[in-house]
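# Fold and geometry: a report
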Amino acid sequence: MLVEAKELEALLPKSERSRVNVMRDRIAAMGRTLLDRAAQVEVDRRVPMENIEALRAIGYFDLLKPRAFGGFEYEFSALVDLNIDLAKWCASTAWVAGLLSSHQWLVAGFSEQAQRDVWGSNPNALVCGSYAPACKAEAVDGGYIISGRWSFASGCDCAQWSLCSAILPAGEERDAPAPAFLLVPEKDYQIEDTWHVIGLAGTGSKTLVLDKVFVPAHRALLFSETTTGNTPGARLYAHQPGFSIPMLSAIPSCLASVAVGTAHGALEDYLQRTSQRVTRGAVAGAHNKMAEFPTIQLRVAEAAASCDAAKKILLSDLREREATANGGQAITVQDRITSRRGQAFAVSLAIRATEALNASTGGQGLDVSHPVQRAWRDANAVGRHISMNWDTVGTMYGQMALGLEPKGQY
């Protein structure tokens, strides 16, 4: 029988770390079921509600939500750590669940009224999102009118609200147009099925279509507010400094966790299969133990080192930002760009790990359902995300280190 999130909170140990370990055990307990569904998730091109409800029942979507709305208010690193474990079993589920959970933290940056709009009548409401500004908002009395198409809205089939980015016009509060997130309920948008891909295929990252939708002004959050951590919600929840961490030091870490986790899962699967596998013949000869080939041993070592390094970099950078915020200090532009470097480099290491393993799975690895091959496709798909692209993020860090003006997302 599934335990409801609030009941789980009462049963969990007092320390956050101990609580996270209990949730880690619960994720492991549902892992085999998630793995068994993974192939069908790809075919369906969306995460099933069974997965979402199972995660809801253990409090996954309450991890970062404010206590005022029934959440646990954990540190963001707790979600990233757990999402690595979740991605071992199904990367698409981890991508969607990680985003839906991290968006609870992002919504907490909006005004209190906006938060009440989302969670007031439905405490379990989940929020998907599309970050690229898709239109110029029209200012009207009390808010804005937006129309357009918002792509890559991962998990939109599982959400009741969406974050739709737009350019707000200049006005009394702004000297120039500025990008912002606008909160929109599901009744105000249509979902267009545009997601046909070979990696992260089950994330259902479809397109949202809006036609002259009114959004009240209190449901807008400027990029300049959330990328600096100076949001209405950060001031509202001053008791929890984690809400003041700049958005791009936090949410991309959750995206990167999917690549890191799926690489760990691929390594575990590879070790289990390869330790028992013998060759069938041909060039290598028959009945030789694969584990005894030095090239196989090297691939395992490379993958294991890459996995370990990726996880440590990702969590270490995020925990440093949390320590800075908890100490009442400002998170600098250098800190923010260092976070972005770590996120993208962790993904590049995860890709390296899956490349090493997938290249030696032989003919069996060509099957689209092979876990190592799926991990290889999923990790590479994470690396295609603009926030995770090492060429883009790496050069931005290099610009800063060399005394140039950094150009990019930070």
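Relevant structure appears above.
Keep in mind it's a predicted model, so treat the numbers as computed, not measured.

Conventions and cut-offs
Residues numbered from 1 in each chain as written. Predicted model: local features only at pLDDT ≥ 70, side-chain atom pairs only at ≥ 80, totals over all residues. Heavy atoms only, no water. Helix = DSSP H or I, 4+ residues; strand = E, 2+ residues; numbered from the N terminus. Rg over C-alpha atoms; globule rule 2.2 N^0.38 Å. Buried < 20%, exposed > 50% of the residue type's maximum accessible area, 1.4 Å probe, protein only. Contact = heavy atoms within 4.5 Å. Areas by Shrake-Rupley, 256 points an atom, 1.4 Å probe, with all protein chains shown as cover. Lys, Arg positive; Asp, Glu negative; His and termini not counted. Charge placed at Lys NZ, Arg CZ, Asp CG, Glu CD. Expected span 1.5 Å × (residues − 1). Bend = angle between axes of the 7 residues up to and from the residue. Phe/Tyr/Trp six-rings, centres within 6.5 Å; stacked < 30°, edge-to-face > 60°. Core = buried A, V, L, I, M, F, W, Y, C linked by side-chain atoms within 4.5 Å. Salt bridge = Lys/Arg side-chain N within 4 Å of Asp/Glu carboxyl O. Axes fitted to C-alpha atoms, helices over the stretch in contact; angles between N-to-C directions. Parallel < 35°, antiparallel > 145°, perpendicular 65-115°, else oblique. Left-handed = near helix turned anticlockwise from the far one by under 90°. Nonpolar A, V, L, I, M, F, W, Y, C, P; charged D, E, K, R; others polar.

### Some thoughts on the overall build of the chain
Within the chain one finds 13 helices and 10 strands. In summary, the chain has a C-alpha radius of gyration of 22 Å against a globular reference of 22 Å for 410 residues, a match within 12%. Its C-alpha atoms give the chain principal-axis dimensions of roughly 75 × 55 × 45 Å. Burial status across the chain gives 55% buried among its 410 residues. Within the chain, residue pairs in contact and separated by at least 24 positions form 72% of the contacts whose partners lie at least 6 positions apart. Only carbon and sulfur atoms are counted for the fraction: they give 53% of the accessible area of the chain, which is about 17,700 Å². Charged side chains of the chain number 40 positive and 43 negative; the gap between the two group centres comes to 4 Å.

### Digging into helix 9 (residues 247-274)
Its 28 residues give helix 9 an end-to-end C-alpha distance of 41 Å, which sits within 8% of 40 Å, the value for a rise of 1.5 Å per residue. In helix 9, a bend of some 30 degrees at Cys 254 exceeds every other bend along the element. Within helix 9, 24 of the 28 residues are buried, leaving the element largely enclosed by the surrounding structure.

### Here we look at the packing of aromatic side chains
Tallied over the entire structure, the rule returns 9 aromatic pairs. Ring centres of Tyr 60 and Phe 61 lie 6.1 Å apart, and the angle between their planes is 90 degrees; on these two criteria the pair is classed as edge-to-face. Among the residues examined, Phe 61 registers a relative accessible area of 3% and is labelled buried. Measuring from ring centre to ring centre gives 5.4 Å for Phe 72 and Tyr 74, while their planes differ by 40 degrees; the resulting arrangement is tilted. The exposure classification of Phe 72 matches that of Tyr 74, with both residues buried.

### Section: the nonpolar core
Of all hydrophobic cores here, the largest spans 116 residues; its most connected members are Tyr 60, Trp 105 and Ile 146. Take this core: its biggest share by element is 14 residues, from helix 9. Ile 337, Ala 344, Val 393 and Met 396 belong to the second-largest nonpolar core, a separate cluster that totals 5 residues.

### Side note on the pattern of salt bridges
Applying the stated criterion across every chain, the model contains 22 salt bridges. One salt bridge in this structure joins Arg 116 and Glu 112, with 2.8 Å as the shortest N-O distance. Taken together, the residues Arg 116 and Glu 112, both in helix 6 (residues 112-119) and 4 residues apart, mark about one turn of the helix. Here Asp 188 and Lys 187 are joined by a salt bridge, their closest N and O atoms 3.1 Å apart.

### Observations concerning unusual backbone geometry
Here the phi dihedral of Glu 73 falls at roughly 60 degrees; this positive angle occurs in a residue that is not glycine. Take Glu 73: it is sitting in the loop between helix 3 (49-57) and helix 4 (76-87). For Glu 73, a relative accessible area of 9% puts it in the buried group. For Phe 152, which is not a glycine, the phi torsion comes out positive at approximately 55 degrees. Looking at the secondary structure, you find Phe 152 in strand 3 (residues 143-153). Relative accessible area serves as the criterion here: at 59%, Phe 152 is assigned to the exposed category.

### Notes on helix 11 (residues 333-358)
With 26 residues, helix 11 should reach 38 Å at 1.5 Å per residue; the first-to-last C-alpha distance of 38 Å fits that figure. In terms of burial, helix 11 is a largely internal element, 19 of the 26 residues being buried.

### Overview of the packing of helix 2 (residues 16-44) against helix 4
Two elements in contact, helix 2 and helix 4, have axes separated by 9 Å at closest approach and are oriented at 20 degrees. When the axes of helix 2 and helix 4 are compared, the pair comes out roughly parallel. Considering only the axes of helix 2 and helix 4, their crossing is right-handed. Between helix 2 and helix 4, the contacting residues are Glu 16, Val 20, Met 23, Arg 24, Ile 27 and Leu 34 on the first element and Ala 78, Asp 81, Leu 82, Asp 85 and Leu 86 on the second. By residue class, the composition of the contact of helix 2 with helix 4 is 7 nonpolar, no polar and 4 charged.

### Topic: the environment of Ala 166
Relative to the helices and strands, Ala 166 resides in strand 4 (residues 161-168). Of the residues examined, Ala 166 reaches a relative accessible area of 0% and is grouped as buried. Along the primary structure Ala 166 and Gly 398 are separated by 232 residues, whereas in three dimensions their C-alpha atoms are 30 Å apart.

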